[in-house]
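Residue-level structure breakdown
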Amino acid sequence: MTIAVPPAARFADRVKIKQSSLRTRMLDMAAKLTDVIALGRGDPDLDTPPHVVEAGRAALAAGATHYTHPHGMPQLREAIAAAILADGGAAYAADEIVVTAGAQESMFVAMLALVNPGDEVIIPSPGYNSYHQAVELADGVTVTVPTYERDGFALTAEAVAKVLTPRSRILCLINPSNPTGMVIPPSEIERLAALAIEHDLIVISDEIYAKLVYDNAQVTRVAALPGMRERTITIDGFSKAYSMTGWRVGYFAAPKAYAAPMAEIHHGLAICAPAVSQHAALAALTGPQDCVEAARRLYDERRLDMCAALDRMGLSYARPNGAFYVYANVSSTGLSASDFCLKLLEEGRVMMFPGSLFGDHCDDYVRISLLQPIAKVREAAARMEKVVGDLVAARRAGA
Ligand code: PLP
């Protein structure tokens, strides 16, 4: 797709207008096709749990249609602080929690508050691409740390140490990772924390997938490690664990010295997170948690099924132990991941996103979201198997 820029239009240097966007092209193509199985976006197919929807409905009926306290409703912030502690995180007062319009807003608030022009922000690659945009809008410089399939896409302190410069200011951790689904092992988190202390880095730890882990993996909450609370901003939200993407509610937790100025920026951007969504989020946190476990089990079943299907196809991947994605290597098809995704969409009616959307060295990979019922995940895998089989056979015949 080409974006027409009117001749009189003037943009700031930081606005990068992409002349073509593969993601938009794929979404447009998919909209014109019938019977497409979408394994693209990170939006759970599950409905928000009924008791959470009901809490939202009741709140609206009771008049929750106004601004709330800019930092979020006090009772929600207290519930968040209690939940963080119960999950092995650091201890926070309610005024060290700020409720935002999704974790996404927290990310931008953090960068706008912490990055000076030219500051370097270290981001694992592949990694959630919005971090790059947030850093660029704050006139910072993104420095990526490549991670590789051969190492299970592990982010290591050793690799981070190699990219440090005197301008390094922030280290971003996305744990578990989007797109690879990797959980950073506790011992490595400790090494990363020690590195952050040694080099006086702020850590932004995005733990939005922390409740969705498999194979007994556990997410170490970096802010709870000695010496880390005062230099860590933890970002989390309700979208993934409670299937609440459309409610737009998330939060960050940070020591007051950071939380107060960040809250000012949040006020400037959004005033407050939607009131109705805050009531729903409160119900999500304080109500029964079996909905999270039920979702986790469903994603686990889909994960195992997709991994088995990839094994049958002969495609390699690093087995994810968190989130709800599989990051698979399609280089054996002879196509770049972008071309593979287009072919799979056209011929197989399955949509997934190429790895290049998440990192510069990733055009051998596709990110498969497991956000369809198991029957559809299986059908998508069968269609993918056929497309892969045809490509590999054609490649052999041509060899
Ligand atoms: N952080 C990560 C790592 C994500 O993958 C996403 C969404 O995909 C977000 C943050 C944004 O979440 P929210 O819906 O809470 O804004």
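Located above this text is the structure these notes cover.
This section reports on the structure supplied with the text. (Residues numbered from 1 in each chain as written. Predicted model: local features only at pLDDT ≥ 70, side-chain atom pairs only at ≥ 80, totals over all residues. Heavy atoms only, no water.)

**Examining the side chain of threonine 220**
As for its position among the elements, threonine 220 is in the loop between strand S6 (202-206) and strand S7 (232-237). Setting aside residues no more than four positions away along its own chain, threonine 220 makes contact with Asn175, Pro186, Ile189, Glu207 and Leu225. (Helix = DSSP H or I, 4+ residues; strand = E, 2+ residues; numbered from the N terminus. Contact = heavy atoms within 4.5 Å.)

**Side note on the sheet that holds S7**
Read across the open sheet, the seven strands follow the order S2-S8-S7-S6-S5-S3-S4; overall the sheet is mixed. Strand pairing shows two members of the sheet lacking a second neighbour, strand S2 (97-100) and strand S4 (141-146), which therefore form its edges. Going from strand to strand, the sheet's axes swing by 20° on average, the running direction of each strand aside. Here six bridges tie strand S3 (residues 120-125) to S4, and the two strands are oriented parallel to one another. Looking at S4, one finds that glutamate 120 is bridged to valine 141. (Pairing = 2+ DSSP bridges. Axes fitted to C-alpha atoms, helices over the stretch in contact; angles between N-to-C directions.)

**Let's talk about the pairing of strand S13 (residues 365-369)**
Across the five residues that make up S13, a large majority, five, are buried. Of the two faces of S13, both are covered, the one formed by Tyr365, Arg367 and Ser369 as well as the one formed by Val366 and Ile368. Pairing of strand S12 (residues 353-354) with S13 involves two bridges; the strand directions are antiparallel. Bridge pairing in S13 places phenylalanine 353 opposite arginine 367. (Buried < 20%, exposed > 50% of the residue type's maximum accessible area, 1.4 Å probe, protein only.)

**Focus: a nonpolar patch on the surface**
Together, Leu112, Leu137 and Leu269 give the surface a local cluster of nonpolar side chains, amounting to about 240 Å² of exposed area. Counting through the fold element by element, leucine 112 comes out in helix H4 (residues 102-114). (Patch = residues over 30% accessible without salt bridge, like charges linked within 9 Å, V, L, I, M, F, W, Y side chains within 5 Å. Areas by Shrake-Rupley, 256 points an atom, 1.4 Å probe, with all protein chains shown as cover. Salt bridge = Lys/Arg side-chain N within 4 Å of Asp/Glu carboxyl O.)

**Let's talk about the packing of helix H3 (residues 74-86) against helix H9 (residues 275-286)**
Packing of H3 against H9 brings their axes to within 10 Å, and their N-to-C directions diverge by 30°. By the criterion of interaxial angle, the relationship of H3 to H9 is roughly parallel. Both H3 and H9 take part in a crossing whose hand is left-handed. Where H3 approaches H9, its residues Gln75, Leu76, Ala79, Ile80 and Ala83 are matched on the opposing element by Gln278, Ala281, Leu282, Leu285 and Thr286. (Parallel < 35°, antiparallel > 145°, perpendicular 65-115°, else oblique. Left-handed = near helix turned anticlockwise from the far one by under 90°.)

**Details of the nonpolar core**
One finds Met306, Leu310, Phe340, Met352, Val366, Ile368 and Met384 to be the most contacted residues of the largest nonpolar core, which totals 44 residues. Secondary-structure elements contributing two or more residues to this core are helix H1 (22-32), helix H10 (290-313), strand S10 (325-329), helix H11 (337-348), strand S11 (350-351), S13 and helix H12 (374-398). Of all the elements, H12 adds the most residues to this core, at eight residues. Apart from the residues within four sequence positions on either side, phenylalanine 340 is in contact with Val330, Thr333, Leu335, Val366, Met384, Val387, Val388 and Leu391. (Core = buried A, V, L, I, M, F, W, Y, C linked by side-chain atoms within 4.5 Å.)

**A few points about the packing of aromatic side chains**
The full count for this structure, using the stated rule, is ten aromatic pairs. Arranged with centres 6.4 Å apart and planes meeting at 75°, the rings of tyrosine 128 and tyrosine 131 form a pair that is edge-to-face. Judged by relative accessible area, which is 23%, tyrosine 128 ranks as partly exposed. For tyrosine 131, a relative accessible area of 0% puts it in the buried group. Both rings, one in tyrosine 327 and one in tyrosine 365, keep their centres 5.1 Å apart while their planes meet at 5°; by these two values the pair is stacked. Of this pair, tyrosine 327 sits in strand S10 while tyrosine 365 sits in strand S13, and the two are 38 residues apart along the sequence. The two residues tyrosine 327 and tyrosine 365 agree in class, both being buried. Taken together, the ring pairs in this structure connect Tyr209, Tyr299, Phe324 and Tyr325 into an aromatic cluster. Here the basic side chain of arginine 23 rests over the ring of phenylalanine 353, its NZ or CZ set 5.2 Å away from the ring centre. (Phe/Tyr/Trp six-rings, centres within 6.5 Å; stacked < 30°, edge-to-face > 60°. Lys NZ or Arg CZ within 6 Å of the ring centre and 35° of its normal.)

**Describing the site of the ligand**
Around the ligand lies a shell of 13 residues, among which Asp206, Tyr209, Ser239, Lys240 and Arg248 are the nearest. In this structure, alanine 103 approaches the ligand through a main-chain N or O atom, which is 2.8 Å from an oxygen atom. The side chain of serine 239 places a nitrogen or oxygen atom 2.6 Å from an oxygen atom of the ligand. Here the ligand loses 94% of its free accessible area of 400 Å² to cover by the protein chains. At four residues, H4 tops the list of elements feeding residues into the shell around the ligand. Residues that form the shell around the ligand fall into these classes: six nonpolar, four polar and three charged. (Near = heavy atom within 4 Å. Polar contact = N/O pair within 3.5 Å; in protein donor to acceptor, adjacent residues only side chain to side chain. Nonpolar A, V, L, I, M, F, W, Y, C, P; charged D, E, K, R; others polar.)

**Focus: the pattern of salt bridges**
Any two side chains of opposite charge can pair if their charged atoms end up close together. For the structure shown, the criterion picks out 21 salt bridges. Aspartate 87 serves as the salt-bridge partner of lysine 211, at 3.2 Å between the closest nitrogen and oxygen. Of this pair, lysine 211 sits in the loop between S6 and S7 while aspartate 87 is found in the loop between H3 and S2, placing the two residues 124 residues apart along the sequence. On the basis of relative accessible area, aspartate 87 is assigned to the partly exposed category, the value being 34%. Where lysine 386 meets aspartate 390, a salt bridge forms, and the shortest distance between an N and an O atom there is 2.7 Å. In this pair, lysine 386 and aspartate 390 both sit in helix H12, four residues apart, roughly one turn of the helix. The exposure class assigned to aspartate 390 is partly exposed, which follows from its relative accessible area of 40%. Three or more residues joined by partner-sharing salt bridges are found here, namely Asp215, Asp300, Arg303 and Arg319.

Keep in mind that these numbers describe shape and distance, not what the molecule does.
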